[in-house]
Amino acid sequence: MLTLLPILINLLAAGVIFLFSRLKTNIGRAWLGAAIFSMLNWGLILALRWFYPLQFQIAEWFPFGEVYQQSLFFQLDSYSWPLMIALCAVQTAVIITDSSRLDEIPSVNVWSGVFLVYAVGFLAVLSNSIITFMLIWALVDLIEFLVLVKTTSQKELTNEIVVSFSVKTLGLMLLILGLLVSFNFGIPLQIGQLDNQVGIFVLIAVGLRMGVIPFNLPFVRGSSVRRGLGNAIRMISVSSSLIVLLRLSVVGFLEPTLSILLTLTSIGILFGSIMWFNSSNELEGRPYWIITLAGLAIYSSIQGEQLAVLSWSLVLILSGSVIFLYSARGRKLSVLPLLAIIGMSGLPFTPGVAGWEGVIVSGELIRNIIAILSVAFLILGYLQHANQPTVLLTQKEKWSWLTYPLGLSLLNITHWVIFLLSDLGLLMQGMILASAIAFVIPLIIYFLITRYMRASYYSEYFQDVLRPFGRIFIRIVSLRWLYQLIWSFLIFVQKIVNILANILEGQGGIIWVVVFLIMLITLITSGDLI
């Protein structure tokens, strides 16, 4: 039961915050209560490091034991603990940094929603059986759908939410298909066992849920929810997929298939990193950040490097959340994004060092160069977005001058805590040359751009020349055309359903029912349906 204690605390916190809203408690007091609950939960999960492995099981609840593990199985171990404390750090950072955005918070119920969403996120990263993965995916998708629909009033965005939900449901269907295929091959899909013919289904399913399709979060307008609850929802959806990559070793592909998968993934990683760098701000670029880091995790999973998968996953969640929650800025605060960059760079004996083990492979020069360039573009884009002019922290209330940096610092601290306390052997020298190139070159380029090229006539000229090509590229890669195609298909299906409904509900409806009944009886009696 100790395994589920952080989840129970989150549920209790959600209930207390909801009670505060009903009692019309001052928003500052509600914020303080939410921050205390979240910090206590972070401390509890940190303490659980010395108690795992911990397990919780609901046995024999569904009668298909030969197809997959029957039990709902949750386990806190070396892989789930880092993701769990990382999610709790993001939850805490969201709430604490909201101290600088209290005037933008529509209701304290937003924090209640954060606690509920992360309670499901904790369940997701604790999952350790196939049936649990499927149920948690469905639950995460449903919660995301309901929250987004509830907080969105524009019809265009609602359409995108429906399409996003449909595509993620397709990912779930692919996982179920992989389950059935594995059963057909006589190799039941289980944790730690994965046939290469089934692995392709799992990879595509995870890719769909990671945001490869659709290519962005349905939030395309700026709002307070986009930074707080919006970031929470996106990280939970991503984490529920990353844990599958950690639990299921996707290896054993034939050489031609392996080469194609690695090449396609490399191209996606490079394009995603370039788009992240080219985005107007960090929130507009968040989809491309997720695409790139998820691609690096998938690439590492194909190579069979689970430590690298975990490393890139933590960079995605923790380093990403630093910049996504970095809404109020100042010269002294700029050290926080810089620490996050050091953590993600993979320099020797830094938190991201294990990631390079999964993407730098001997004899793969071109792919290695692509991987280094991709990380370099990530860092360059990070520097660019972190130094954009925006609201200064000094313009906020003075008490937030202390709380806001504390929230962002917790993300960097958590990254280092995981790195130092993990029993997976993350403390290593890593790929010195690759990490040094990916770290130093962006710093030099950013210095040159800010020092010489920003006011340059030639820089503006090249931007004007390249901008039309960039717009065409964005239209293709952003997959807006896919949104429209899927939505058109859904409208077509809706029209067919409406036509059938009008026929059956009209004056001749009873006659049509009798006709269909006679046809069904004829088919049954003729033996065609047997």
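Shown above is the structure to which this text applies.
Residues numbered from 1 in each chain as written. Predicted model: local features only at pLDDT ≥ 70, side-chain atom pairs only at ≥ 80, totals over all residues. Heavy atoms only, no water.

**Q** Looking at this structure, how should I read the overall build of the protein?
**A** Of regular secondary structure, the protein possesses 20 helices and two strands. Within the protein, the fraction of its 530 residues that count as buried is 52%. The contacts in the protein between residues at least 6 apart in sequence include a share of 81% that link residues at least 24 apart. Roughly 24100 Å² of accessible area belongs to the protein as shown, and the carbon and sulfur atoms make up 70% of that amount. (Helix = DSSP H or I, 4+ residues; strand = E, 2+ residues; numbered from the N terminus. Buried < 20%, exposed > 50% of the residue type's maximum accessible area, 1.4 Å probe, protein only. Contact = heavy atoms within 4.5 Å. Areas by Shrake-Rupley, 256 points an atom, 1.4 Å probe, with all protein chains shown as cover.)

**Q** Before we go on, may I ask you to explain the side chain of Ser374 in this structure?
**A** By secondary structure assignment, the location of Ser374 is in helix α15 (residues 365-386). Within the structure, Ser374 has its side chain in polar contact with the backbone nitrogen of Leu270 (distance 3.5 Å). From its side chain, Ser374 meets the backbone oxygen of Ile370 in a polar contact 2.7 Å long. Once you skip the residues sitting within four places of it in the chain, Ser374 turns out to touch Ile269, Leu270 and Ser273. (Polar contact = N/O pair within 3.5 Å; in protein donor to acceptor, adjacent residues only side chain to side chain.)

**Q** Would you explain the packing of aromatic side chains in this entry?
**A** What describes a pair of aromatic rings is the distance from one ring centre to the other and the angle between the planes of the rings. Summed over all chains, the structure comprises eight aromatic pairs. With centroids separated by 6.3 Å and ring planes inclined at 90°, the aromatic side chains of Trp289 and Phe324 adopt a geometry described as edge-to-face. Here Phe324 lies in helix α12 (residues 306-324) and Trp289 lies in helix α11 (residues 282-302), a separation of 35 residues in the sequence. Arranged with centres 5.8 Å apart and planes meeting at 85°, the rings of Trp416 and Phe419 form a pair that is edge-to-face. Taken together, the residues span about one helical turn, with Trp416 and Phe419 both in helix α16 (residues 400-421) at a distance of three residues. Look at Phe419 and you get buried, because its relative accessible area is 2%. (Phe/Tyr/Trp six-rings, centres within 6.5 Å; stacked < 30°, edge-to-face > 60°.)

**Q** It is not clear to me how the packing of α12 against α15 should be interpreted in this structure. Could you clarify?
**A** Helices that pack against each other are described as a pair by the angle of their axes relative to one another and the distance between those axes. At their nearest, the axes of α12 and α15 sit 11 Å apart, and the two run at 15° to each other. In terms of their interaxial angle, α12 and α15 are classed as roughly parallel. When you trace α12 past α15, the crossing you get is left-handed. For the pair formed by α12 and α15, the contact residues are Trp312, Ser319, Val322 and Ile323 on the first element and Val375, Tyr382, His385 and Ala386 on the second. (Axes fitted to C-alpha atoms, helices over the stretch in contact; angles between N-to-C directions. Parallel < 35°, antiparallel > 145°, perpendicular 65-115°, else oblique. Left-handed = near helix turned anticlockwise from the far one by under 90°.)

**Q** Explanation requested: the pattern of salt bridges in the structure shown.
**A** For side chains of opposite charge, pairing can occur when their charged atoms come near one another. Going through the model one piece at a time under the given rule, you end up with two salt bridges. Put simply, Arg247 and Asp77 hold a salt bridge, and the shortest N to O gap is 2.7 Å. With Arg247 in helix α9 (residues 229-247) and Asp77 in the loop between β2 (72-76) and α3 (80-97), the pair connects residues that are 170 residues apart, well separated along the chain. We note a salt bridge from Glu364 to Arg367, for which the minimum N-O separation is 3.0 Å. For Glu364, a relative accessible area of 26% corresponds to the partly exposed category. (Salt bridge = Lys/Arg side-chain N within 4 Å of Asp/Glu carboxyl O.)

**Q** I tried to follow the pairing of β2 on my own but got confused; where do I start?
**A** Regular strands place side chains that alternate from one sheet face to the opposite one. In terms of burial, β2 is largely enclosed, as five of its five residues are buried. Alternating residues of β2 divide into Leu72, Phe74 and Leu76 and Phe73 and Gln75, and every residue in both groups is buried.

**Q** Would you take a moment to explain the environment of Leu314 for this structure?
**A** Within the secondary structure, Leu314 is located in helix α12. Separated by 72 residues in sequence, Leu314 and Leu242 have C-alpha atoms that sit 9.9 Å apart. Aside from chain neighbours lying at most four places away, what touches Leu314 is Pro82, Leu83, Ala86, Ser319, His415 and Ile418.

**Q** Could you clarify how one ought to interpret the nonpolar core in this entry?
**A** Buried together is how nonpolar side chains tend to be arranged in soluble globular proteins. Core analysis: the biggest nonpolar cluster contains 141 residues, and Trp111, Leu245, Trp289, Leu316, Ile317 and Tyr382 have the highest contact counts within it. If we skip the residues at most four places from it in the chain, Tyr382 touches Trp276, Trp289, Ser319, Val322, Ile323, Pro337, Ala340, Ile341 and Met344. Listed in part, the five residues of the second largest apolar core include Val353, Ala354, Phe419 and Leu426. (Core = buried A, V, L, I, M, F, W, Y, C linked by side-chain atoms within 4.5 Å.)

**Q** Which parts of the structure should I look at to understand the packing of α3 against α16?
**A** Taken N-terminus to C-terminus, the directions of α3 and α16 make an angle of 170°; their axes are 8 Å apart at the nearest point. Our classification of the angle between α3 and α16 gives roughly antiparallel. For the pair α3 and α16, the contacting residues are Trp81, Pro82, Ile85, Ala86, Ala89, Val90, Thr92, Ala93, Ile96 and Thr97 in the first and Thr403, Tyr404, Gly407, Leu408, Leu410, Leu411, Thr414, Ile418 and Leu421 in the second. Looking at side-chain class alone, the contact of α3 with α16 contains 14 nonpolar, five polar and no charged residues. (Nonpolar A, V, L, I, M, F, W, Y, C, P; charged D, E, K, R; others polar.)

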